[in-house]
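Descriptive structure summary
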Amino acid sequence: MPSGEYFTSYEERMGLIRWRIERVALVLGLPIPLIAPFVLTGELVSVFTLVFIFGIAVLGLHVMLSYAGEIVLAQGAFMAIGAYTASRVVNEAGLGLLPAMLIAGLMTASVATAFGLPAGRVKGFYVAISTLALQFIAVQFFFRRGEFEVIHGGTQQSMPGEIGLVGDALTIGSANEEYFFALVMLAVFALLTMNLSRTGIARMFRALHENDLSAQVLGINRFRNKLLAYAIGGFMVGVAGALYTIYIGFITPEFFSIDITLLHYMMLLLGGMGRVWGVILGVTTVELLNHYILQTLIDIFPEGTALEPMFFGIIIIVVLIVEPKGLMAALGQLKEYLRKWPYAY
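The rules behind these values
- Residues numbered from 1 in each chain as written.
- Predicted model: local features only at pLDDT ≥ 70, side-chain atom pairs only at ≥ 80, totals over all residues.
- Heavy atoms only, no water.
- Helix = DSSP H or I, 4+ residues; strand = E, 2+ residues; numbered from the N terminus.
- Rg over C-alpha atoms; globule rule 2.2 N^0.38 Å.
- Buried < 20%, exposed > 50% of the residue type's maximum accessible area, 1.4 Å probe, protein only.
- Areas by Shrake-Rupley, 256 points an atom, 1.4 Å probe, with all protein chains shown as cover.
- Lys, Arg positive; Asp, Glu negative; His and termini not counted.
- Charge placed at Lys NZ, Arg CZ, Asp CG, Glu CD.
- Pairing = 2+ DSSP bridges.
- Salt bridge = Lys/Arg side-chain N within 4 Å of Asp/Glu carboxyl O.
- Axes fitted to C-alpha atoms, helices over the stretch in contact; angles between N-to-C directions.
- Parallel < 35°, antiparallel > 145°, perpendicular 65-115°, else oblique.
- Contact = heavy atoms within 4.5 Å.
- Nonpolar A, V, L, I, M, F, W, Y, C, P; charged D, E, K, R; others polar.
- Expected span 1.5 Å × (residues − 1).
- Arc of directions from axis to C-beta.
- Core = buried A, V, L, I, M, F, W, Y, C linked by side-chain atoms within 4.5 Å.
- Phe/Tyr/Trp six-rings, centres within 6.5 Å; stacked < 30°, edge-to-face > 60°.
- Lys NZ or Arg CZ within 6 Å of the ring centre and 35° of its normal.

Turning to the overall build of the protein chain, a few remarks are in order. What the protein chain contains, in helices and strands, is 16 helices and four strands. What you see for the protein chain is a C-alpha radius of gyration of 21 Å, in line with the 20 Å of a compact globule of 345 residues. Dimensions of the protein chain along its principal axes, counting C-alpha atoms only, are 75 × 55 × 45 Å. Every one of the 345 residues in the protein chain was classed for burial, and the buried ones make up 41%. Of the roughly 18100 Å² that the protein chain leaves accessible, carbon and sulfur atoms contribute 68%. When the 20 basic and 23 acidic side-chain charges of the protein chain are each reduced to a single mean position, those positions are 16 Å apart.

Right, let's talk about the pairing of strand β2 (residues 163-166) for a bit. Summarising the sheet, β2 and strand β3 (residues 169-172) pair through three bridges and their orientation is antiparallel. Pairing of V166 across the sheet is with A169, part of β3. Here β2 hands over to β3 after two residues, with G167 in that stretch at a positive phi of 65°.

What follows concerns the pattern of salt bridges. What the rule picks out here adds up to five salt bridges. Between E70 and K226 there is a salt bridge, with the nearest N and O atoms lying 2.6 Å from each other. Taken together, the residues span a long stretch of sequence, with E70 in the loop between α4 (42-67) and α5 (75-93) and K226 in helix α12 (residues 222-248) at a distance of 156 residues. For D212, the salt bridge is made with R222, and the minimal N-O distance between the two is 3.2 Å. Pair noted here: D212 is in helix α11 (residues 212-217) and R222 is in helix α12, with a separation of 10 residues, a long-range link. By relative accessible area, R222 is classed as buried at 11%.

In contact at an axis separation of 11 Å, helix α9 (residues 175-196) and α12 are set at 175° when each is read in the N-to-C sense. Viewed along their axes, α9 and α12 adopt a mutual orientation that is roughly antiparallel. Contacts between α9 and α12 pair E178, F181, M185, F189, T193 and L196 from the former with I232, F235, M236, V239, L243, I246 and Y247 from the latter. Here the residues of the contact of α9 with α12 sort into 11 nonpolar, one polar and one charged.

Spanning 15 residues, helix α15 (residues 308-322) covers 22 Å between terminal C-alpha atoms, matching the ideal 21 Å at 1.5 Å per step. When α15 is considered as a whole, its buried residues turn out to be E308, F312 and I316. All buried residues of α15 project into a common sector of 60° when viewed along the axis, lining one side. For α15, the exposed residues set more than 90 degrees away from the buried face come down to I317, I321 and V322. The inward-facing, buried residues of α15 contact α13 (258-271) and α14 (276-300).

If you look at the biggest cluster of nonpolar residues, it comprises 82 residues, and the most contacted ones within it are F54, M79 and F256. Of all the elements, α4 adds the most residues to this core, at 15 residues. Contact partners of F256, with chain neighbours within four places excluded, come to G76, A77, M79, A80, A83, Y84, Q135, V139, Y244 and I251.

Our focus in this paragraph is the packing of aromatic side chains. Two descriptors summarise a pair of aromatic rings, namely the distance from one centre to the other and the angle between the planes of the rings. What the rule picks out here adds up to 11 aromatic pairs. Consider the rings of F141 and F148, whose centres lie 5.6 Å apart with planes at 65°: the pair is edge-to-face. For F141, a relative accessible area of 40% translates into the label partly exposed. Given a relative accessible area of 24%, F148 falls into the partly exposed group. Ring geometry for F142 versus F143: centroids 5.1 Å apart, planes at 75°, classification edge-to-face. The rings of Y84, F141, F142, F143 and F148 are connected pair by pair, giving a single aromatic cluster. Taking the ring centre of Y67 as reference, the NZ or CZ of R206 above it sits at 4.7 Å.

Scope: geometric values only; no functional claims are made or implied.
Printed below as a string of structure tokens:
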């Protein structure tokens, strides 16, 4: 008689939740983020809200880098475009948060696609330079210049304390409301990214990532699919920029420097490239490390808070030395060990 878990159809094999342990983990883990705001301190609620927002942005980077293999160095610029666009839509048009997020995502996707055009002629680090140019053009020049105020609406902008989802309906203003809204948005984009990975689009992205010449021989349009990856990833990062504007309430170009690009790369690499859960794990780990290291220094050595980046960097280096493929790979090895224990085969 057959025993254990096995698949009897392709639908089961391609399902998002395939194993019994995954169903159990989902049932046990789903209530945790729903009750967390009611048991955590306000400071931690704010940290997790930022985790959800950055999670969406890193998911966009995940599509461009992990799926399509495009090195993009303009995360800060993409978020700035989304943030300033959302600010104008909310403050001047009064359309509400959801339309602002949609327009911000579409605007960012358009700019990302335009700066992805060099992908038709070059690849690798040469494409990265074109996106790095966008970072400097947007953040260091465009959003700082008063003569472009008619386009971006002003170098410094603030958001209202309460914002309706559509117009003035269903306002969001408290920390818990922002938390739950960001959580829902992260869940939506995580599910979309997971489903994207099972489509023909993602398979074409991966084929181009592995060997673009072989993919073109098989009939895959390299230029069109590269631009599509920029559009999808840029849309997600633009939406994250719009949410970031709501989170901080006040925006200036300094919030979107090259540092935010490097931070998102660190989150993606630490969690593990190629998997959505790796993105979420990496973002959560980095933000919690940042918070607790700084809090520990404040409690023990208040004059040494400037040392926080050093301790944080040391921890990241140690983790990547122990497991270069990220935390998801380490968890996979642990799961395999527990599955075989106490036997070695």
